[in-house]
Amino acid sequence: TPLASIKERRITDGQWDRIADASSTFSQGKFDHVPASSMTALDIVSMALSRRHQVIFVDYLQQVGSAGRQKYSSLDVVSNTSMVLHQAAQTHNLLVVALSQLSRPEKRNGKPVKPDMHSFRESGQIEQDLDVALLMYLSDPNDYKSDRICKIGKNKEGTKGEVRLTFDGTIQRFSEMRPNVYAQLQAIGRRAKRLNNHGEADDTGLQDPAHVE
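Below is a summary of the structure that appears in this document. (Residues numbered from 1 in each chain as written. Predicted model: local features only at pLDDT ≥ 70, side-chain atom pairs only at ≥ 80, totals over all residues. Heavy atoms only, no water.)

**Here we look at the overall build of the protein**
Scanning the protein from terminus to terminus reveals six helices and eight strands. Along the protein, helices and strands appear, N-terminal first, in the series α-α-α-β-α-β-β-β-α-β-β-β-β-α. Relative to its full complement of 213 residues, the protein shows a buried share of 23%. For the protein, contacts bridging at least 24 residues in sequence account for 41% of all contacts bridging at least 6. Of the roughly 15,600 Å² of accessible surface on the protein, a fraction of 49% belongs to carbon and sulfur atoms. (Helix = DSSP H or I, 4+ residues; strand = E, 2+ residues; numbered from the N terminus. Buried < 20%, exposed > 50% of the residue type's maximum accessible area, 1.4 Å probe, protein only. Contact = heavy atoms within 4.5 Å. Areas by Shrake-Rupley, 256 points an atom, 1.4 Å probe, with all protein chains shown as cover.)

**A look at the sheet that holds strand β6 (residues 148-155)**
Taken in spatial order, the four strands line up as β5-β6-β7-β8 in an open sheet, and their pairing is antiparallel. Whereas interior strands pair on both sides, the edge strands pair on one side only; in this sheet they are β5 (132-138) and β8 (173-176). Between one strand axis and the next, the sheet turns through 35° on average, direction left out of account. In this sheet, β6 lies alongside β5 in antiparallel orientation, the contact comprising seven bridges. Each bridged residue has a counterpart across the sheet, and for V132 the counterpart in β6 is N155. (Pairing = 2+ DSSP bridges. Axes fitted to C-alpha atoms, helices over the stretch in contact; angles between N-to-C directions.)

**So, a nonpolar patch on the surface**
On the surface, a nonpolar cluster with roughly 450 Å² of combined accessible area is contributed by V55, F57, L95, V97 and L99. By the secondary structure assignment, L95 is in strand β2 (residues 95-98). (Patch = residues over 30% accessible without salt bridge, like charges linked within 9 Å, V, L, I, M, F, W, Y side chains within 5 Å. Salt bridge = Lys/Arg side-chain N within 4 Å of Asp/Glu carboxyl O.)

**Thoughts on the environment of L135**
Note on placement: L135 falls in strand β5. Residues L135 and D116 lie 19 residues apart in sequence; the distance between their C-alpha atoms is 7.5 Å. Other than its neighbours up to four places away in sequence, L135 contacts L102, P115, D116, M117, I149, C150, K151 and G153.

**Concerning the packing of helix α3 (residues 41-50) against helix α4 (residues 74-92)**
Packed helices, taken two at a time, are described by their axes: the angle between them and the distance between them. Contact geometry for α3 and α4: axes closest at 9 Å, N-to-C directions at 25°. Taken as axis vectors, α3 and α4 run roughly parallel relative to one another. The two elements α3 and α4 meet at a crossing, and its hand is right-handed. Taking contact as the criterion, the partners of A41, L42, V45 and L49 in α3 are, on α4, T81, V84, L85, A88 and H92. Its residues placed into classes, the contact of α3 with α4 shows seven nonpolar, two polar and no charged. (Parallel < 35°, antiparallel > 145°, perpendicular 65-115°, else oblique. Left-handed = near helix turned anticlockwise from the far one by under 90°. Nonpolar A, V, L, I, M, F, W, Y, C, P; charged D, E, K, R; others polar.)

**A closer look at the pattern of salt bridges**
Tallying each qualifying case throughout the model produces five salt bridges. Its salt-bridge partner being R51, residue D32 comes within 3.2 Å of it at the nearest N-O pair. Highlighted residues: D32 in the loop between α2 (13-27) and α3 and R51 in the loop between α3 and β1 (55-58), separated in sequence by 19 residues. Residue class for R51 comes out partly exposed when judged on its relative accessible area of 41%. Residue D147 is joined to R164 by a salt bridge in which the shortest nitrogen-to-oxygen separation is 3.5 Å.

See the structure below:
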């Protein structure tokens, strides 16, 4: 069901049926959604243990509260949150998946620099505590519709690298772009630019994007 239809409350009977089917499947698992913006990291861990949860998703790290937060800087709060979640994962065998903001991209010689492990906002403690880091950013910072890059910045148990993703905003879904398709789309873009600038004949034999397989 398109996100716009949900937000504007324009859901058809058929879409309601699909939502009901999906909800039924989803409800068979033990999932809890907890508005935790006012909770501390210790509160979140305590609740997860009391309910015997195996996985904690935190959305997002910089929003987790802290007792006496007014007394401490954002750096101290985020550092403490990161350490508490890391200790909980190690001690209680929990899987903790925490979203984090990245700093604004720096520029070098007028060009944006790709995010790295130093890009986590507020705290270098995050970099030390995590086992796996996935950094997602726009392939073209000036075009919010451009593909996303998912970069594996840290992986204690495996290799690092990056994956190019397309994003379908209508259903809020990321999909991996196959390398051969990406190469063809790049070539088509170069061909179109050349035709526009120089009026050259189209003799490349490349397929139209709609027909790329």
